[in-house]
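As a plain string of letters, each chain reads:
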Amino acid sequence: MSKVFEKSTAFFDTFERKPSLQKTTHYCPGCGHGTLNKIIADQVAELGIQDRTIYVGPVGCGVFIYYYFEGACASAAHGRASAVATGISRANPDAITVSYQGDGDLAAIGTSNAIHAANRGENMIVFFVNNNIYGMTGGQLAPTTLIDQTSTTSPTGRTVKNDGFPLQMAEMIAGLEAPTLVARVGVNNPKNIRQAIKVIKRGLEIQRDKKGYAFIEVLSQCPTNWKKNPVEACEWIDEVVSKQYPFGVFKDIADEGEAVERPCERVEFAAVAEQLGLVDKVDKGDQQIEMPRDEMRFKFAGFGGQGILSLGMMMAQMAMQRDMEVTWLPSYGPEMRGGVANASVVVSKNTIGSPIVDDPNVLVALNRPSLEKFGPLVQADGLIIYNSSLIDQVPPDLKGKAFALPATDLATEAGSAKAANVVVLGFYAKISGMFSLDDLNSFLGETFKKPALVDINLKAVKAGWDAAGETKL
């Protein structure tokens, strides 16, 4: 029996966002994003452009596309995907640049970025997912919300008098001279999906041939925030949404023009360093830290408010003061409010290839969700320090060596539960030998300006140091 449907080869085999959910996406049941992702991936694979495609993800429901598409990906600040895509396209003229944005991202905070990228005719394809509402943040009114449509911020329905008219982005973009392809499609039924496949393939071919800017608006159902079941949501697009936003190809002039080629000069790093006044430091031997390995990759994780990002920053700053190569990459858990915050820190004796820490040598977990999420990523030769004041159950599948440290209790005894992060710092410094207690005291004295805070943190770091006892890595 021949296969008629299978996972696109342009997707990862497994989605590594959560260890327990490696076969599914984060999209809600019935959401149109998943269908659109599948169409894009299929067409990228069919055209053989997977190795050249760079995706730019937004803030919004599409934020995690880098977990799904097996290709180069970049994340942009809210509304800035078109601007980031412009830089990528200009710096990588041979690439297929994809900007993936929702209606809050593109039609609200990012309108100017989107309009000007279109007006310049950048070599990029923009997928504008229009579901008439802010999806990720809980269903607020968007620029594309329909007249009379209710939302959490327009409970009696959108009105022209109060909110203006729904923005018709495809028609606006089509009115500019530079764009070569502008269309609106749907992913709510087989007929519309077949048309969407044709248009998306056409848009990607235009990018392959460097024929300029392509804009494809995709009407996407949002059952969760529309308060409808998936079938009702799909029907609502045909019966209501498409009356405000009609389907069609509004512009296709790609065959009339030549390929758009822009100069792209490669700049040597040495020239940039010289212009910035940077000087290579040759002798680092006396200052550098002795570490368990030449490069240490840390993941610090916990709830927002536990000082997680500050803990990562303290580790990074202390290492930087000792002439180590350092990166610090914070994450605020954009998928949900109150989610896990974490900071990735890399400390190395050599140039760091990437600030991303997927397989930490050291995990510090200050709460249980952090231990459950990141604990399985630590390999057998890695180290896990968890806050036993708040974590009473340890996942059975941990491979790394785990230390239980009552960080919150020790910090409370020192004067403030908020100093639990400093307790951990003292504990790890002692068992790893990376910093002396004098180093820690000096750093904390310079970091905290108020005498009361200095006193609390000095007590906290001493408590962590003492808790390590004679333990060594």
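Residues numbered from 1 in each chain as written. Predicted model: local features only at pLDDT ≥ 70, side-chain atom pairs only at ≥ 80, totals over all residues. Heavy atoms only, no water.

## Observations regarding the domain arrangement of the chain
When the domains of the chain are assigned, the result is domain 1 (32-252) and domain 2 (295-468). The C-alpha-based centres of domain 1 and domain 2 are spaced at 39 Å. (Domains from an automatic or database assignment.)

## Re the pattern of salt bridges
Under the definition given, this model contains 17 salt bridges. With a closest N to O distance of 2.6 Å, Glu-171 and Arg-184 form a salt bridge. Taken as a pair, Glu-171 in helix α6 (residues 169-174) and Arg-184 in strand β7 (residues 181-186) lie far apart in primary sequence, 13 residues in all. Its relative accessible area of 28% is what places Glu-171 among the partly exposed residues. We note a salt bridge from Asp-455 to Lys-459, for which the minimum N-O separation is 3.3 Å. On the criterion of helical spacing, the pair formed by Asp-455 and Lys-459 is a turn pair, its members being four residues apart in helix α16 (residues 451-468). On the basis of relative accessibility, which here comes to 37%, the residue Asp-455 falls in the partly exposed class. Salt bridges linked by common partners bring Arg-90, Arg-120, Glu-122 and Arg-262 together as one network. (Salt bridge = Lys/Arg side-chain N within 4 Å of Asp/Glu carboxyl O. Helix = DSSP H or I, 4+ residues; strand = E, 2+ residues; numbered from the N terminus. Buried < 20%, exposed > 50% of the residue type's maximum accessible area, 1.4 Å probe, protein only.)

## What about empty space enclosed by the protein?
Counted according to the given criterion, the structure contains one cavity of 30 Å³ or more. Estimated volume of the largest cavity: approximately 30 Å³. For the lining of the largest cavity, the elements supplying multiple residues, two or more each, are β10 (295-303), α11 (308-321), β13 (362-365) and α14 (420-432). In terms of residue count, the dominant contributor to the lining of the largest cavity is α14 (three residues). (1 Å grid on protein atoms, 1.4 Å probe; cavity = no way out; pocket = protein on both sides within 12 Å on 5 of 7 lines; lining within 4 Å. Points joined across faces, edges and corners; volume = space filled by probe spheres on them.)

## Observations concerning the environment of Ala-467
In this fold, Ala-467 is placed in helix α16. What makes Ala-467 partly exposed here is its relative accessible area of 39%. Along the chain, Ala-467 and Val-424 lie 43 residues apart, while their C-alpha atoms are 9.7 Å from each other. Apart from the residues within four sequence positions on either side, Ala-467 is in contact with Leu-405, Leu-410 and Phe-427. (Contact = heavy atoms within 4.5 Å.)

## What to know about the side chain of Lys-251
If you trace the backbone, Lys-251 turns up in strand β9 (residues 248-252). Despite being buried, Lys-251 has no salt bridge partner; Glu-177 is the closest side chain of opposite charge, sitting 7.5 Å away. Among the polar contacts made by the side chain of Lys-251, one reaches the main-chain carbonyl oxygen of Leu-176 at a distance of 2.5 Å. (Lys, Arg positive; Asp, Glu negative; His and termini not counted. Polar contact = N/O pair within 3.5 Å; in protein donor to acceptor, adjacent residues only side chain to side chain.)

## Re the sheet that holds β10
An order of β11-β12-β10-β13-β14-β15 is seen for the six strands of this open sheet, with the pairing classed as mixed. Each edge of the sheet is formed by a strand with only one pairing partner; in this case those strands are β11 (325-331) and β15 (401-405). Strand-to-strand, the axes of this sheet are offset by a mean angle of 15°, without reference to chain direction. When β10 meets strand β12 (residues 340-348), the two strands line up antiparallel, connected through nine bridges. Paired with Phe-298 across the two strands is Val-345, which belongs to β12. (Pairing = 2+ DSSP bridges. Axes fitted to C-alpha atoms, helices over the stretch in contact; angles between N-to-C directions.)

## Describing the pairing of strand β4 (residues 125-130)
When you tally the buried positions in β4, you get six out of six residues, the bulk of the element. Taking every second residue as pointing to the same face, both faces of β4 are buried, with Ile-125, Phe-127 and Val-129 on one and Val-126, Phe-128 and Asn-130 on the other. Taken together, the five bridges between strand β3 (residues 96-102) and β4 define a ladder with parallel strand orientation. Within β4, the residue paired with Ser-99 across the bridge is Val-126. Relative to strand β8 (residues 214-219), β4 runs parallel, the two sharing six bridges. Among the inter-strand pairings, Phe-127 is bridged to a residue of β8, identified as Ile-216.

## Section: the layout of surface pockets
The space that makes up the largest pocket amounts to roughly 1,300 Å³. For the largest pocket, the lining is made up of 36 residues, of which Tyr-66, Tyr-67, Ser-331, Ile-356 and Asp-358 are closest to its centre. If you list the elements that add at least two residues to the lining of the largest pocket, you get β2 (72-75), β11, β12 and α12 (368-374). When grouped by side-chain class, the residues that make up the lining of the largest pocket number 22 nonpolar, eight polar and six charged. Counting the residues that make up the lining of the largest pocket, at least three belong to each of domain 1 (32-252) and domain 2 (295-468). (Nonpolar A, V, L, I, M, F, W, Y, C, P; charged D, E, K, R; others polar.)

## So, the sheet that holds β7
Pairing is mixed across the open sheet formed by seven strands, whose spatial order is β2-β1-β3-β4-β8-β7-β9. The sheet is open, and its two borders are formed by β2 and β9, each paired with just one other strand. Pairs of neighbouring strands in the sheet enclose a mean axial angle of 15°, with direction left out of account. Against the sheet, helix α2 (residues 81-91) makes contact with β1 (53-57), β2, β3 and β4, and its axis sits at roughly 175° relative to β3, the strand it touches most. Running at roughly 155° to β7, helix α7 (residues 190-208) makes contact with β3, β4, β7, β8 and β9 of the sheet.

## Regarding a nonpolar patch on the surface
Nonpolar side chains collect at one region of the surface, where Ile-147, Val-160 and Phe-165 lie side by side and expose about 270 Å² of accessible area between them. Mapped onto the elements of the fold, Phe-165 is located in the loop between α5 (160-163) and α6. A residue is classified by how much of its surface remains accessible, and Phe-165, at 61% relative accessible area, is exposed. (Patch = residues over 30% accessible without salt bridge, like charges linked within 9 Å, V, L, I, M, F, W, Y side chains within 5 Å. Areas by Shrake-Rupley, 256 points an atom, 1.4 Å probe, with all protein chains shown as cover.)

## Digging into the nonpolar core
Looking at soluble globular proteins, one finds that nonpolar side chains tend to be buried together. Membership of the largest hydrophobic core comes to 50 residues, with the highest contact counts inside it found for Phe-298, Met-315, Tyr-428 and Leu-440. With nine residues, the single largest contributor to this core is α14. Of all hydrophobic cores here, the second largest spans 37 residues; its members include Ala-10, Phe-15, Leu-36 and Ala-214. (Core = buried A, V, L, I, M, F, W, Y, C linked by side-chain atoms within 4.5 Å.)

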